[in-house]
Amino acid sequence: SIPLGLFAGIGGASRQGILVKGGNFLEILKDVDTIVFDKTGTLTEGKFSVTRIQPVHAEADALLELAAYGEAYSTHPIARSIVAAYGKPIENQKIRNYQEISGQGVEVEVDGRRLALGNAKLMQKHGIDCPSVDEIGTIIHVAQEGEYLGWLVISDGIKKTSKAAIRQLKQAGIRNTVMLTGDNRSVAEAVAGQIGIDTVYAQLLPQDKVEQVEKLLAAQPEGKKLAFVGDGINDAPVLARADLGVAMGGVGSDAAIEAADIVLMKDDPAALATAIQISRKTHAILR
Ligand code: ADP
Ligand code: MG
């Protein structure tokens, strides 16, 4: 009977570390032809490290210290890497009025001076000129009281399994693999090129990601479904909007895991190809 077949499919998936929250999601999965990935933590490790400190109007030590104070309250992987690179205890009483600007960076007072650190968009918002840095990595600009102090480069490794995952998905007949990211275009294109992603949209704010997925949904061929794969708190609205939301279980935020229809416990994007095979096999048995 139908419920038994679907139970078998869900059971088979769960033995491979793929949690499917309902039989209807296996049905949708077999019709997926477009897979949209969030970059950070999904295709990349989400484990960042500071690979360069470039002061312009400061000493390198002072620049790193300021950046660490600025990021002390942020849970973003970029922030944690900066605090780790600093490596000394933080005196919390020096930090006031901390504010995280989603997809851009942070604004905060350190020692009574206003600090902004994040991407070029954030600098623009404060009317601060910053150099366009040509480096592979995420560039974090630092400005204090409206003065540009310098930049840090933060690098994130691509997951070892990402390239094979994209290849397997292509072999499974996925027409379009897409990557969305708030990160800068050069990093995005370098990552996409290395793993074989078809389409890249970079420098997106969280709300831009929702909009981009809506555009892609509107352009889908009749009867074909779109899946979104993400891990961040910011990804929850996109996970909810896609035909099928897939979260990374290990690194994923609670919000993402809750909003998702399918959870990949192994944090391996290749598990998605396995899930597609299971969904097709289940469907073939049901017919
Ligand atoms: P992704 O879309 O790759 O998951 P996010 O949306 O989390 O990335 O962040 C997009 C960009 O915003 C980052 O690449 C970085 O430039 C900036 N950013 C976000 N949070 C912070 C932070 N706490 N400190 C500095 N920059 C940040
Ligand atoms: Mg993210």
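Conventions adopted
- Residues numbered from 1 in each chain as written.
- Chains lettered and ligands numbered in written order.
- Predicted model: local features only at pLDDT ≥ 70, side-chain atom pairs only at ≥ 80, totals over all residues.
- Near = placed C-beta within 6 Å.
- Nonpolar A, V, L, I, M, F, W, Y, C, P; charged D, E, K, R; others polar.
- Domains from an automatic or database assignment.
- Contact = placed C-beta atoms within 7 Å.
- Helix = DSSP H or I, 4+ residues; strand = E, 2+ residues; numbered from the N terminus.
- Pairing = 2+ DSSP bridges.
- Axes fitted to C-alpha atoms, helices over the stretch in contact; angles between N-to-C directions.
- pLDDT = per-residue confidence, 0-100.
- Expected span 1.5 Å × (residues − 1).
- Buried ≥ 20, exposed ≤ 12 C-beta atoms within 10 Å, placed from the backbone.
- Arc of directions from axis to C-beta.

Observations concerning the site of ligand 1
In the vicinity of ligand 1 lie 23 residues, with Thr40, His76, Gly105, Asn119 and Gly182 positioned nearest. In the shell around ligand 1, the residues fall into five nonpolar, 13 polar and five charged. Mapped onto the domain boundaries, the shell around ligand 1 takes at least three residues apiece from domain 1 (2-45 + 158-286) and domain 2 (46-156).

What about the domain arrangement of the chain?
For the chain, the domain assignment lists domain 1 (2-45 + 158-286) and domain 2 (46-156). Computed over C-alpha atoms only, the centres of domain 1 and domain 2 are separated by 31 Å. In this assembly, 14 residues from domain 1 lie in contact with 11 residues from domain 2. Sorting the residues of the side of domain 1 that touches domain 2 by element identifies helix H3 (39-43), strand E3 (44-55) and helix H8 (185-195) as the ones contributing at least two each. For the side of domain 1 that touches domain 2, the residue count by class is five nonpolar, seven polar and two charged.

Quick notes on the sheet that holds strand E5 (residues 105-110)
Sheet architecture is open: six strands sit in the order E3-E8-E7-E6-E5-E4, paired in antiparallel fashion. Because the sheet does not close on itself, it has two edges, and the strands there are E3 and strand E4 (95-101). Averaged over all pairs of adjacent strands, the angle between their axes in this sheet comes to 20 degrees, without regard to strand direction. Relative to E3, helix H5 (residues 77-86) is tilted by about 50 degrees, and along the sheet it contacts E3, strand E7 (138-144) and strand E8 (147-158).

So, the confidence of the model for the chain
As a general rule, the predicted coordinates of low-pLDDT regions are not to be interpreted in detail. Mean pLDDT over the chain: 92, with 98% of residues reaching 70 or higher. In the predicted assembly, ipTM is 0.93 and pTM is 0.80.

Some details on the sheet that holds strand E9 (residues 176-180)
What the seven strands build is an open sheet, ordered E1-E13-E12-E11-E2-E9-E10; its pairing is mixed. The sheet is open, and its two edges are formed by strand E1 (18-20) and strand E10 (199-201), each paired on a single side. Averaged over all neighbouring strand pairs, the angle between strand axes comes to 20 degrees, with direction disregarded. Taken together, the four bridges between strand E11 (residues 225-230) and strand E12 (residues 244-248) define a ladder with parallel strand orientation. Residue pairing for E12: Gly230 is matched across the bridge by Ala247.

Considering helix H9 (residues 206-218)
For H9, which comprises 13 residues, the first-to-last C-alpha distance of 19 Å matches the rise-based estimate of 18 Å (1.5 Å per residue) to within 8%. Along H9, the positions that sit buried rather than exposed are Lys209, Val210 and Val213. Along the long axis of H9, the arc covered by the buried residues comes to 100 degrees, so they all point the same way. Exposed residues lying more than 90 degrees from the buried face of H9 are Lys215 and Ala218. Residues of H9 that are buried make contact with strand E2 (32-38), E9, E11 and helix H10 (236-241).

With respect to unusual backbone geometry
The residue Asn97 is not glycine, and still its phi comes out positive at about 50 degrees. Within the fold, Asn97 resides in strand E4. In this structure, Asp267 is a non-glycine residue whose phi angle is positive, near 55 degrees. Tracing the chain through its elements places Asp267 in the loop between strand E13 (262-264) and helix H12 (271-286). The exposure class of Asp267 is buried, given the 20 C-beta atoms found within 10 Å.

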